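Listed below, chain by chain, are the residues.
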Amino acid sequence: MSLPTTTKEYYFPQRGSFSNLKLRTSPVPKVNATEVLVKVRAVSLQYRDLMIATDNYPAPVTQNLVPCSDMAGEIVAIGEAVTGWKTGDRICANFTRDHVYGDIDGDISQTTLGGPVQGLLTQYRVLPAHSLVRIPKHLSYEEASTLPCAALTAYNALTGGQVKLKAGDTVLIMGTGGVSIFGLQFAVASGATVIATSSSDDKLKIATKLGAKHVINYNKTPAWDQEVLKLTGGRGVDHILEVGGPGTLEKSMTAIRFGGSINLIGVLASTANPLGNVEHIKFRASTLRGIFIGSVAQFKDMNRLLEANPETTRPVVDKVFSFDEVIQAYAYLQSQAHVGKVVIKV
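Described in the following lines is the structure provided in the data block. (Residues numbered from 1 in each chain as written. Predicted model: local features only at pLDDT ≥ 70, side-chain atom pairs only at ≥ 80, totals over all residues. Heavy atoms only, no water.)

What follows is about the nonpolar core. Leu147, Val171, Phe186, Leu241 and Met302 are the most contacted members of the largest nonpolar core, which has 40 residues in total. The element that contributes the greatest number of residues to this core is helix α4 (residues 147-159), accounting for nine residues. When near neighbours in sequence (up to four residues on either side) are disregarded, Val171 contacts Leu158, Leu165, Ala187, Ala192, Thr193, Val194, Ile195, His239 and Leu241. Grouped together as the second largest cluster of nonpolar side chains are 36 residues, Phe12, Leu50, Leu113 and Val342 included. (Core = buried A, V, L, I, M, F, W, Y, C linked by side-chain atoms within 4.5 Å. Buried < 20%, exposed > 50% of the residue type's maximum accessible area, 1.4 Å probe, protein only. Helix = DSSP H or I, 4+ residues; strand = E, 2+ residues; numbered from the N terminus. Contact = heavy atoms within 4.5 Å.)

Below, the discussion takes up the packing of aromatic side chains. What the rule picks out here adds up to six aromatic pairs. Aromatic side chains Tyr10 and Phe323 sit 5.0 Å apart centroid to centroid with 75° between the ring planes, which places their arrangement in the edge-to-face category. Linking Tyr10 in strand β1 (residues 6-11) with Phe323 in the loop between β14 (317-322) and α11 (326-335), this pair joins segments that are 313 residues apart in sequence. Take Phe323: its relative accessible area is 12%, and that puts it in the buried class. Ring plane angle 90° and centroid distance 6.1 Å describe the contact between Tyr155 and Phe186, whose orientation is recorded as edge-to-face. You can see Tyr155 sitting in helix α4 and its partner Phe186 sitting in helix α5 (residues 178-189), a full 31 residues away along the chain. Under the relative-accessibility criterion, Phe186 is labelled buried at 1%. Linked through ring pairs, Tyr155, Phe182 and Phe186 together constitute an aromatic cluster. Positioned above the aromatic ring of Tyr141 is the side chain of Arg90, whose terminal nitrogen or guanidinium carbon lies 5.1 Å from the ring centre. For Lys319, the ring lying beneath its charged end belongs to Tyr332, and the centroid distance is 5.1 Å. (Phe/Tyr/Trp six-rings, centres within 6.5 Å; stacked < 30°, edge-to-face > 60°. Lys NZ or Arg CZ within 6 Å of the ring centre and 35° of its normal.)

A separate point is the sheet that holds strand β12 (residues 256-264). An order of β10-β9-β8-β11-β12-β13 is seen for the six strands of this open sheet, with the pairing classed as parallel. Here the strands that pair on one side only, and so sit at the sheet edges, are β10 (214-217) and β13 (287-290). Neighbour-to-neighbour, the strand axes of this sheet turn through a mean angle of 15°, independent of strand direction. Sheet analysis places strand β11 (residues 237-242) next to β12, joined by five bridges and oriented parallel. Bridge pairing in β12 links Ile240 to Ile262. (Pairing = 2+ DSSP bridges. Axes fitted to C-alpha atoms, helices over the stretch in contact; angles between N-to-C directions.)

Nothing here speaks to function; it is geometry throughout.
So, in structure tokens, the structure goes:
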């Protein structure tokens, strides 16, 4: 079979809006000895993609960016020094290309796809073999494309710190986006009790179906931190997946138990007021931990959890768009109408 020499890909000649995305045809680079050529089958979107598109991302972004960091695909060619992989293997690429194991550092952080490094909204992509992870057999390409950022972030948050998730814990999940839904599923699969929050009763019904034991509409219950304390008998929760940031962090500090872990993931909610109870972190001996996705090693560990609990942890894909509907997919993500993930089939 002859290999492709060109690829169709979306790129930003200028950022500021996702409507600036343009389609172009580019040459497929040569596959070096330690690399593979991948046919991209599906790409999932995340909030970071919106921030980059609107030029609101706080980290460096390469010029003429091909966006998106999360994909599932098939190996179609292999470099001469690559071992352990063969053509036809179904793979995901790790979000941070060179974060193979252990702690991340400054140099490794500059290898994130769809930011400092060209991304994956393309038909074909050459990738280093060390960045690849095998897709669980029971998942489709569309489902697997949701794993590299949303799923791995949730898994790292719950299992990667000093306070590790265990059966019997109570976990507070904020919202029903990709990371939050995976956090809910992983917590339920691990035998934990989940409290989920949202501004939508309809979305909370979905959270309940996925295994949340308690749900809180934060529009109807603005003092949701006090409700969390009530639900836990005044103890507080063991883990919080904190996706709001400045606008919710103060309440999270109230809702966490002594010795618990607040995992800071997103910045979806803003506030004009300075944080007023940061002393709770000290006097409750709790941990505020920033989450920067995860490593290839963690990705492999997470996939074992998925394979052991195939239905409980099956990715929630809200809607799939075609490769010709990329702008519509971005708009749908921006609308926040989704539960789970928005996917583009390539």
